[in-house]
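Spelled out, the chains give:
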Amino acid sequence: MISATPMAAIEKEGLGSAYYMVWLGQFVSSFGTMLTTFALGVWLFQRTGSVLDFSTMIAFSTLPALLLLPWTGGFADRNDKRTILIACDSSAALCIGTVGLLVWSGHFALWHLYAVQAVLSIGIAFQGPAAYVTITKLVPRSQLGRASGMFALSSAVSQLAAPLVAASLLSAIQLQGIVLIDLLTFAAALLGLVLAKFPPTLGPVAAGTARRTLFHDAEQAIGFFEKHPTLAMLFGYMSMGGFLLGCVIVLVTPMVLSRHSEQVLAWISSSGALGGVGSGIAMVAWGGPRRWTPALLALNLVGGLAVALAGYTDSVAVLCACSFTVMFCSTMLSACAQSVWRRKVPRDRQGSVAALKQAVALALIPLSAIIGGVLSNYLFEPALMPGGIWADGVGAWFGIGKGRGTGFFFFATGMLASAAALISLSTRRLYRLEADVPDAP
């Protein structure tokens, strides 16, 4: 019989040395991977100068994971997480090492890059659910917000600093030197996984999963949402928010460059990255709110208003502030949402449910980019050019000319996201999710 844990003891629980070892190793490794990713993108453009080649590389880096994720979550539920993570990091290190040897020997070709991206994508499909479940198992429930904030912080720091560091290193040590650094970071990740003390993994009989198969796992993940309509509502709400944000993110560069310089775009991008870093720091220091769902909806409301303001304004200072606010809110929103999922989904189903959510999020990336680009290019931009169908109405207060149609698309998308957040805040079922849906065992 397990005795109840006093509330005072729960509040004093820490993240634990095992979590810090895993987090630090993965942070260093992800930073090294970002260095290599940036360097490979530069290599690709220097060799081909083709946007199609770059798009093809993106396809090879996403499609394998998208196809595998609905099934790899159940695999993570049933098997030892440390073994999966070590295997994924080892295979990624082997791929990157192969790239280094090919570059050093002068035989690195475009098809090699595509093949490497495909193998890495397969590894990500297995690594993502395993890492997700690992955090839940290593961290006390009272610290889930802080743990999610630390991973959000490491991701934001990598996105902010890695391109700057890689650009400085490329001229000094070239691509093969950056690959060597990446290999050293993989060694740090593997060391952390080996040294960390993981909780024991239940065998399939003890966990009640002896007859589970890959297809059965995918069905169970879908069935979980059918049995928990409130959580399905939250999933739909988060997916819609991710879709709307994806529609505008792909248009930030053309909207800004249509009216400002490349330097302004760099300021706006850096402001967004700083917002992500600030959000991660806030979550680590704060640990998150006592009630996660209202905070999540409020963050979506503020983020949507910031997107709308970014579409309306032409001020560089305001655009930088909006970029900071959007990334601050979206990063904290993601950390809050992860805490809710980790509390409400049974531990023996977290891998399969997380994989399904990741697959949907991955599928929404190209879909939102295509829809946002088509709407902006063929509807909003022509409508707010001189003589356009909206030039006399909307254009009277929003302005006309190049970039104003995309700006109005930002405004409309941001207001739609804010309206959805307001409606959700007034919906008792979603607002009271944490109280009405008990924590899973």
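Report follows, based on the coordinates. (Residues numbered from 1 in each chain as written. Predicted model: local features only at pLDDT ≥ 70, side-chain atom pairs only at ≥ 80, totals over all residues. Heavy atoms only, no water.)

Comments concerning the overall build of the protein chain
The cut-off we apply is this: The numbering of helices and of strands both runs from the N terminus, where a helix is a DSSP run of H or I of at least 4 residues and a strand a run of E of at least 2. The quantity called the radius of gyration is restricted to C-alpha atoms. Its globule counterpart is 2.2 Å times the number of residues to the power 0.38. Three exposure classes are used, based on accessible area relative to the maximum for each residue type with a 1.4 Å probe and protein chains only: buried under 20%, partly exposed in between, and exposed over 50%. Working rule for contacts: check all heavy atoms of both residues, and any pair within 4.5 Å makes them a contact. Residue-level accessible areas treat just the shown protein chains as cover; the underlying method is Shrake-Rupley with a 1.4 Å probe.
Within the protein chain, the regular secondary structure consists of 17 helices and zero strands. The C-alpha radius of gyration computed for the protein chain amounts to 23 Å, which stays within 12% of the reference 22 Å derived for 441 residues, consistent with globular compactness. By its C-alpha atoms, the protein chain is 75 × 65 × 40 Å across when sized along the principal axes. Here the protein chain holds 441 residues, and 47% of them are scored as buried. Expressed as a percentage of contacts within the protein chain between residues at least 6 apart in sequence, the contacts between residues at least 24 apart total 85%. Summed over its atoms, the accessible surface of the protein chain is roughly 20,600 Å², and 70% of this surface lies on carbon and sulfur atoms.

Here we look at the packing of helix α4 (residues 81-105) against helix α6 (residues 144-195)
Applicable threshold: A fitted line through C-alpha atoms represents every axis, and for helices the fit uses only the stretch in contact; the resulting angles, taken between N-to-C directions, go from 0 to 180 degrees. Here the angle decides the label: under 35 degrees means roughly parallel, over 145 means roughly antiparallel, 65 to 115 means roughly perpendicular, and every other value means oblique. The handedness criterion is simple: a crossing whose near helix is rotated anticlockwise from the far helix by less than a right angle is left-handed, and one whose near helix is rotated clockwise is right-handed. Think of it as three bins: nonpolar holds Ala, Val, Leu, Ile, Met, Phe, Trp, Tyr, Cys and Pro, charged holds Asp, Glu, Lys and Arg, and polar takes everything else, Gly as well.
Where α4 contacts α6, the two axes come as close as 9 Å, and the packing angle between them is 165°. When the interaxial angle is binned, α4 and α6 end up roughly antiparallel. Between α4 and α6 lies a crossing of left-handed hand. Contacts from Arg82, Leu85, Ile86, Asp89, Ser90, Ala92, Ala93, Ile96, Gly97, Val99, Gly100 and Val103 in α4 reach Leu175, Gln176, Val179, Asp182, Leu183, Phe186, Ala189, Leu190, Leu193 and Val194 in α6. Residues belonging to the contact of α4 with α6 are distributed by class as follows: 15 nonpolar, four polar and three charged.

A few points about the side chain of Gln350
With respect to the helices, strands and loops of the structure, Gln350 is situated in helix α13 (residues 350-383). Here Gln350 is in contact with Asp77, Tyr132, Val133, Thr136, Trp341, Arg342 and Val345, once residues within four sequence places are set aside.

Thoughts on the environment of Glu434
Mapped onto the elements of the fold, Glu434 is located in helix α17 (residues 433-436). Residues Glu434 and Gly399, spaced 35 residues apart in sequence, show a C-alpha to C-alpha distance of 44 Å. Discounting chain neighbours no more than four positions away, the residues touching Glu434 are Arg290, Arg291, Trp292, Thr293, Pro294 and Lys344.

Some points on the packing of helix α11 (residues 292-312) against helix α15 (residues 404-425)
Packing of α11 against α15 brings their axes to within 7 Å, and their N-to-C directions diverge by 160°. Between α11 and α15, the interaxial angle falls into the category roughly antiparallel. Viewed along their axes, α11 and α15 form a crossing whose handedness is left-handed. For the contact of α11 with α15, a count of residues per class yields 16 nonpolar, seven polar and one charged.

Quick look at the side chain of Ser376
Mapping Ser376 onto the fold places it in helix α13. Every residue in contact with Ser376, bar those within four places of it in the chain, is listed here: Leu251, Glu381, Pro382 and Thr406.

Details of unusual backbone geometry
Phi at Gln174 is positive, roughly 60°, even though this residue is not glycine. Assignment of secondary structure puts Gln174 in helix α6.

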